[in-house]
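Chain by chain, the residues run as shown.
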Protein chains: 2
Amino acid sequence: MQTCDTQTTRIAPRTGVAFTLPKGAALTVIDPEGTQVSDLLAFAADDVREVISNGRTFDYEETIALTTGNRLWSNRSRVLLTIEEDTVGRHDFLLTPCSKDTFRHFYPDKPVHRGCFGNLAEALASWGITEDQIPVAFNCFMNVPVHGDGSIEVLPPPSRPGDRIVLRAQEDLVIGLTACSAYASNGGAFKPIDYRIDQGGEVPS
Amino acid sequence: MQTCDTQTTRIAPRTGVAFTLPKGAALTVIDPEGTQVSDLLAFAADDVREVISNGRTFDYEETIALTTGNRLWSNRSRVLLTIEEDTVGRHDFLLTPCSKDTFRHFYPDKPVHRGCFGNLAEALASWGITEDQIPVAFNCFMNVPVHGDGSIEVLPPPSRPGDRIVLRAQEDLVIGLTACSAYASNGGAFKPIDYRIDQGGEVPS
């Protein structure tokens, strides 16, 4: 008998994966140990030049604080994902995935890591997606307050063990998903990320 | 004798242009009548897959409020433009250019216009730049406050007649530039935008 556990996939610390998510399916991104970030990208499966856009999303949703009920829009003004459940209420859609360059810039005394950017690029390469096609990711659980003067800072995520966000695919998608590699975004404690896919109405009850 | 006036080019209301800007040159974007927005894009001239990125810029500059001294970074983590002068101090790098889709969404009772997005796409087409390669623009003079709860709104620009921003090219660039077409971003008064190019050290004194 299949249990919930067997449906959950673990992303090892500082790695990333890519997979298809059919229209109607729900993707649950879980922070199993707490205080970890997961960078999420979504491309239209039938034409990967269509991809989530922070600018279109901020415009249509009229907020940068995205949570239950909000939609993630593409560069072609289509809704790719809707947020159906969110036990954290804190995510970031301002900042690009960490990369070799951001490691050199922000952590000059630390070993350079290819970061979520490199992990996403490798995971997405088999769909023909290139580095230049990687936009700002929807960074689940990432805590980036915007202060009154416009300055921003990256704080540890408020997520506790088992916290999750559930996103429903509104189109057939290719998803990229990581367990974050940067120091600032997870308080320096690199941890795994879990995810689960529930197929819309096709799941046996 | 060449005067300042002959060096200034006017962008007609609700239109856009594209041009090359050599490394070292300064681009001055002027709001001649006040309360108007100009969407600005910058691509690396030798490979237009490199383009300004709001996410990389917010990350490296550690602010969403960009003004004199700030730099506009590319998706490849290079500085493409630096802001050398700014008489307004209010610009937006959160929202994508207005388009047919945003007109249908925000102004359902108004005629659909192709917007800055359509104007930029047409102007940039001769450089082989496609619609899908148009990211969030740096929206000069656009007034998009972010409230404490993360919500945003689009208010009329605070720019007065003659206000300007000066950006210096750090690489050879292709620039796209508009006089904005949307109602909300300029208080419903469609106006022109002026710009001037000063060639780095090559200008005769």
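Predicted, not measured: the structure shown is a model, and the values here were computed from it.

*Asks:* Even after reading the chapter, I still don't get the packing of aromatic side chains, so can you show me in this structure?
*Replies:* Aromatic ring pairs are defined here through the distance separating the ring centres and the angle between the ring planes. Across all of its chains, the model carries 20 aromatic pairs over all chains by this definition. Where A:Tyr107 meets A:Tyr183, the ring centres are 4.8 Å apart and the plane angle is 65 degrees; that geometry is what we call edge-to-face. Taken together, the residues span a long stretch of sequence, with A:Tyr107 in the loop between helix H3 (100–106) and helix H4 (115–124) and A:Tyr183 in the loop between strand E9 (173–178) and strand E10 (193–198) at a distance of 76 residues. Grouping residues by exposure puts A:Tyr107 and A:Tyr183 together as buried. On the basis of an interplanar angle of 70 degrees and a centroid distance of 6.0 Å, the ring pair of B:Phe103 and B:Tyr183 is categorised as edge-to-face. On the criterion of sequence distance, the pair formed by B:Phe103 in helix H3 (residues 100–106) and B:Tyr183 in the loop between strand E9 (173–178) and strand E10 (193–198) is long-range, its members being 80 residues apart. The exposure class assigned to B:Phe103 is buried, which follows from its relative accessible area of 0%. On the basis of relative accessible area, B:Tyr183 is assigned to the buried category, the value being 18%. Among the aromatic residues, those joined into a ring-pair cluster are A:Tyr60, A:Trp73, B:Phe103, B:Phe106, B:Tyr107, B:Tyr183 and B:Phe190.

*Asks:* Teacher, can you tell me more about the sheet that holds strand E4 (residues 38–44) of chain A here?
*Replies:* Strand-to-strand pairing in sheets goes through backbone hydrogen bonds, with the strands running parallel or antiparallel. Residues and elements named next belong to chain A. Read across the sheet, 4 strands follow the order E2-E9-E4-E7 without closing on themselves; strand pairing throughout is antiparallel. In this open sheet, the two edge strands, each paired with only one partner strand, are strand E2 (16–21) and strand E7 (138–140). Neighbour to neighbour, the strand axes of the sheet diverge by 25 degrees on average, direction disregarded. Against the sheet, H4 contacts E2, E4 and E9, and its axis sits at roughly 145 degrees relative to E9.

*Asks:* Even after reading the chapter, I still don't get the interface of chain A and chain B, so can you show me in this structure?
*Replies:* Put simply, an interface is often sized by how much accessible area is lost when its parts join up. The partner chain B presents 32 residues to the 32 residues of chain A that form the contact. Taken together, both faces of the contact between chain A and chain B bury some 2800 Å²; the carbon and sulfur share is 53%. When the buried surface of chain A facing chain B is broken down by residue, A:Arg56, A:Tyr60 and A:Asp132 rank first, second and third, together holding 20% of it. Seen at the junction of chain A and chain B, the total is 2 salt bridges. Among the ionic pairs, A:Arg76 bridges to B:Asp132, the shortest N-O distance being 2.6 Å. Where chain A touches chain B, the interface holds 15 residue pairs in polar contact (both at pLDDT 80 or more). When residues of the side of chain A that touches chain B are traced back to their parent elements, those giving at least two are helix H2 (54–61) and H3 of chain A.

*Asks:* How do you make sense of the relation of the copies chain A and chain B when you look at a structure like this?
*Replies:* Relating one copy of the chain to the other requires a rotation about an axis plus a shift along that axis. You can overlay chain A on chain B at an RMSD of 0.0 Å; the transform is a turn of 180 degrees with a shift of 0.0 Å along its axis. A rotation of that kind, with that shift, is consistent with a two-fold axis. Here 100% of the contact residues of chain A are again contact residues in chain B; the copies associate through an equivalent surface.

Rules used throughout
Residues numbered from 1 in each chain as written. Chains lettered and ligands numbered in written order. Predicted model: local features only at pLDDT ≥ 70, side-chain atom pairs only at ≥ 80, totals over all residues. Heavy atoms only, no water. Phe/Tyr/Trp six-rings, centres within 6.5 Å; stacked < 30°, edge-to-face > 60°. Helix = DSSP H or I, 4+ residues; strand = E, 2+ residues; numbered from the N terminus. Buried < 20%, exposed > 50% of the residue type's maximum accessible area, 1.4 Å probe, protein only. Pairing = 2+ DSSP bridges. Axes fitted to C-alpha atoms, helices over the stretch in contact; angles between N-to-C directions. Contact = heavy atoms within 4.5 Å. Buried area = accessible area lost by both parts, 1.4 Å probe. Salt bridge = Lys/Arg side-chain N within 4 Å of Asp/Glu carboxyl O. Polar contact = N/O pair within 3.5 Å; in protein donor to acceptor, adjacent residues only side chain to side chain. Least-squares fit on C-alpha atoms with pLDDT ≥ 70 in both.

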